[in-house]
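Remarks on the overall topology
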Amino acid sequence: MSASKANYFVHESSYVDDGVEIGEKTAVWHFCHLLKGTRIGKQCRIGQNVVIGPHVTVGNNVKIQNNVSVYQGVTLEDDVFCGPSMVFTNVITPRCAFPGTRTKTLRPRW
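Residues numbered from 1 in each chain as written. Predicted model: local features only at pLDDT ≥ 70, side-chain atom pairs only at ≥ 80, totals over all residues. Heavy atoms only, no water.

1. Description of the overall build of the chain
- Across its full length, the chain holds 0 helices and 14 strands.
- In the chain, which comprises 110 residues, the proportion classed as buried is 33%.
- Contacts in the chain between residues far apart in sequence, at least 24 positions, make up 0% of those at least 6 positions apart.
- Looking at the chain as shown, the accessible area adds up to about 7900 Å², and 51% of this sits on carbon and sulfur atoms. (Helix = DSSP H or I, 4+ residues; strand = E, 2+ residues; numbered from the N terminus. Buried < 20%, exposed > 50% of the residue type's maximum accessible area, 1.4 Å probe, protein only. Contact = heavy atoms within 4.5 Å. Areas by Shrake-Rupley, 256 points an atom, 1.4 Å probe, with all protein chains shown as cover.)

Here's what the structure looks like:
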């Protein structure tokens, strides 16, 4: 995607799907993917290797550092900072075991 005529920057190695809105003075760095229906606010900084969407809303002045994943259903409000390698999941009640199965508790030997 060429950002030469836009009021934002997208690195040439990043993918921006159709239907993505990017606000003024926002920068999207190397190897990112912004999926359809995503809205990115003004003056945001999207670090390297970030995946956002589909249908995610990112407010204004948000900084998302390297290797962050923001999945469908997540809204980041204005002035949010996301540290390196964070993952925002769309699983409302995450569990480590599947329903109907039992897991054995491992105890340390000390």
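This is not the end of the story, as more comes after the structure.
2. Let's talk about the nonpolar core
- The biggest cluster of nonpolar side chains holds 22 residues, and the ones touching the most others in it are Leu34, Ile46, Ile52, Val58, Ile64 and Leu76.
- Sequence-distant contacts of Ile46, that is, excluding residues within four places in its chain, are made with Ala27, Val28, Trp29, Cys32, Ile40, Ile52 and Ile64. (Core = buried A, V, L, I, M, F, W, Y, C linked by side-chain atoms within 4.5 Å.)

3. What about the packing of aromatic side chains?
- Tallied over the full model, the rule gives 1 aromatic pair.
- An angle of 50 degrees between the planes, with centres 4.9 Å apart, marks the rings of Phe9 and Trp29 as tilted. Of this pair, Phe9 sits in strand S1 (residues 9-10) while Trp29 sits in the loop between strand S4 (27-28) and strand S5 (33-34), and the two are 20 residues apart along the sequence.
- Classification of Phe9 as partly exposed rests on a relative accessible area of 35%. (Phe/Tyr/Trp six-rings, centres within 6.5 Å; stacked < 30°, edge-to-face > 60°.)

4. Some words on the sheet that holds strand S9 (residues 57-58)
- The strand order S3-S6-S9-S12 describes an open sheet built from 4 strands, whose pairing is parallel. The open sheet has two edge strands with one neighbour each: strand S3 (21-22) and strand S12 (75-76).
- When strand S6 (residues 39-40) meets S9, the two strands line up parallel, connected through 2 bridges. If you follow Arg39 over to S9, its bridge partner there is Thr57. (Pairing = 2+ DSSP bridges.)

5. Quick notes on the side chain of Ser69
- As for its placement among the helices and strands, Ser69 is situated in strand S11 (residues 69-70).
- Not counting chain neighbours up to four residues away, the residues in contact with Ser69 comprise Val51, Met86, Val87 and Phe88.

6. A closer look at the sheet that holds strand S2 (residues 15-16)
- As summarised here, the arrangement of the 5 strands in space is S2-S5-S8-S11-S14, forming an open sheet in which the pairing is parallel. Looking at the sheet topology across the chains shown, the edges are occupied by S2 and strand S14 (87-88).
- Alignment of S5 against strand S8 (residues 51-52), held across 2 bridges, turns out to be parallel. Following the sheet pairing, His33 is matched in S8 by Val51.

7. Things to note about the environment of Val50
- Of note, Val50 is situated in the loop between strand S7 (45-46) and S8.
- Taking relative accessible area as the criterion, Val50 reaches 0% and is therefore assigned buried.
- Here the alpha-carbon distance between Val50 and Ser69, two residues 19 residues apart in the chain, equals 5.8 Å.
- Beyond its immediate chain neighbours, meaning those up to four positions away, Val50 contacts Phe31, Cys32, His33, Ile64, Gln65, Asn66, Asn67 and Val68.

Interpretation note: all reported values are geometric properties and have no functional meaning in isolation.
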